[in-house]
Amino acid sequence: MVRGSLSRRHVESQLTPAHRFTLDYLGTPHELADYVTTFYHFRCDDARIDDIQPAAVGHLTLFPRGEGHMCRPDGGADPSHEVNLLTPFAVAAHFSMAGPFHAIGAALTPLGWAALTGLDAKVHANRLYDAGDWLDADLVRRGRALCQDYREGRADAGACAAALGALILAAVTPITPGHRRLIAATSNWLASALVPDLDRLYATSGYSQRQTQRLVERYFGLAPVAVRRKYRALRAATLLSLPDLSDEYEAQIAEAFYDQPHMIREIRLFVGRTPTHLGEADSPFLNEMLDARNMRELNGDGGGF
């Protein structure tokens, strides 16, 4: 995220127009459903691409075309690579790429992030990593080969996504059964309401309150109170981006925040846009990332975004 409200407003005004983007969802095989919410193919052939990544779960993604950077909350920036690990983000982040920019990736559930990387989501939050620094060398080598195959026309996005899925499935390692149940309990808790009761989480997690707090930080990147706050904003933004907002949903959103300025501040922090801009055509990447297909974690299936 860029620092300062002036810079943030400037970023909002400079985003790449919607008609320049294409984003296709490629589906998730059944055997990967616990680990991946969706595979996607993103492309824009402009010379420069600017948009916003909302606070989200981690991604393993190939950048066969284009290079650039992702802004960090501390004011720094991480460069892109051919095979990238986008770690779970606690706040929205601006990204800028020199195009043409094409990406083929997998949005990972909290379970998928842990099983693939073994990395603590809190310790490693808000980063765009070179996957070669953290994952098996053969996986990264094959990921780079997929990028070359895509550039040279030997593999389309669907074939690359299928191959990436096979690499993920081969690389994931088992998670402690109790921790796996805690991840599912936390996902179900987040799905239960815009502002779910903390006692319900502690009653269903299978661990003490202190252990639950520590494990939720490890797998979701934030403590229970903070992760509830993050998903309240993401879920509210998803509802507000709908073309027709029902009276029921409008009432739920109104009850979830102290007042309208509070809602605006929270959505801006976690989504990167004000409610008046949600659903508008000038931020296609943001709108797609807020699509219900990327909100599986809030549908109570325990899987993730």
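Parameters at a glance
- Residues numbered from 1 in each chain as written.
- Predicted model: local features only at pLDDT ≥ 70, side-chain atom pairs only at ≥ 80, totals over all residues.
- Heavy atoms only, no water.
- Phe/Tyr/Trp six-rings, centres within 6.5 Å; stacked < 30°, edge-to-face > 60°.
- Helix = DSSP H or I, 4+ residues; strand = E, 2+ residues; numbered from the N terminus.
- Buried < 20%, exposed > 50% of the residue type's maximum accessible area, 1.4 Å probe, protein only.
- Pairing = 2+ DSSP bridges.
- pLDDT = per-residue confidence, 0-100.
- Contact = heavy atoms within 4.5 Å.

**Student:** Is there a simple way to think about the packing of aromatic side chains in this case?
**Tutor:** Under the definition given, this model contains four aromatic pairs. With centroids separated by 5.1 Å and ring planes inclined at 55°, the aromatic side chains of phenylalanine 21 and phenylalanine 42 adopt a geometry described as tilted. In this pair, phenylalanine 21 sits in the loop between helix H1 (5-13) and strand E1 (22-25) while phenylalanine 42 sits in strand E2 (residues 36-44), placing the two residues 21 residues apart along the sequence. Given a relative accessible area of 10%, phenylalanine 21 falls into the buried group. The rings of Phe21, Phe42, Phe63 and Phe101 are connected pair by pair, giving a single aromatic cluster.

**Student:** Would you mind going over the pairing of strand E7 (residues 93-108) with me for this structure?
**Tutor:** Where a strand is regular, its side chains alternate between the two sheet faces. For E7, a buried count of 13 out of 16 residues is recorded, marking the element as mostly surrounded by other parts of the structure. Pairing of strand E3 (residues 48-53) with E7 involves six bridges; the strand directions are antiparallel. Bridge pairing in E7 links isoleucine 49 to methionine 97. With nine bridges joining them, strand E4 (residues 59-71) and E7 adopt antiparallel strand pairing. Opposite arginine 65, over in E7, you have histidine 102 as the bridge partner.

**Student:** Explain the confidence of the model for the protein to me, please; I cannot follow it from the model alone.
**Tutor:** When pLDDT is low, close inspection of the predicted coordinates is not appropriate. On average, residues of the protein carry a pLDDT of 86, and 85% of them reach 70 or more. Of all helices and strands in the protein, the one with the weakest mean pLDDT is H1 (45), whereas helix H3 (residues 137-151) scores best (98). Residue range residues 282-286 is modelled with pLDDT below 50. Its contacts to residues more than four positions away, or to other chains, number 24 contacts. Below pLDDT 50 for its whole length, residues 298-305 participates in 35 contacts with residues either more than four positions away or in separate chains.

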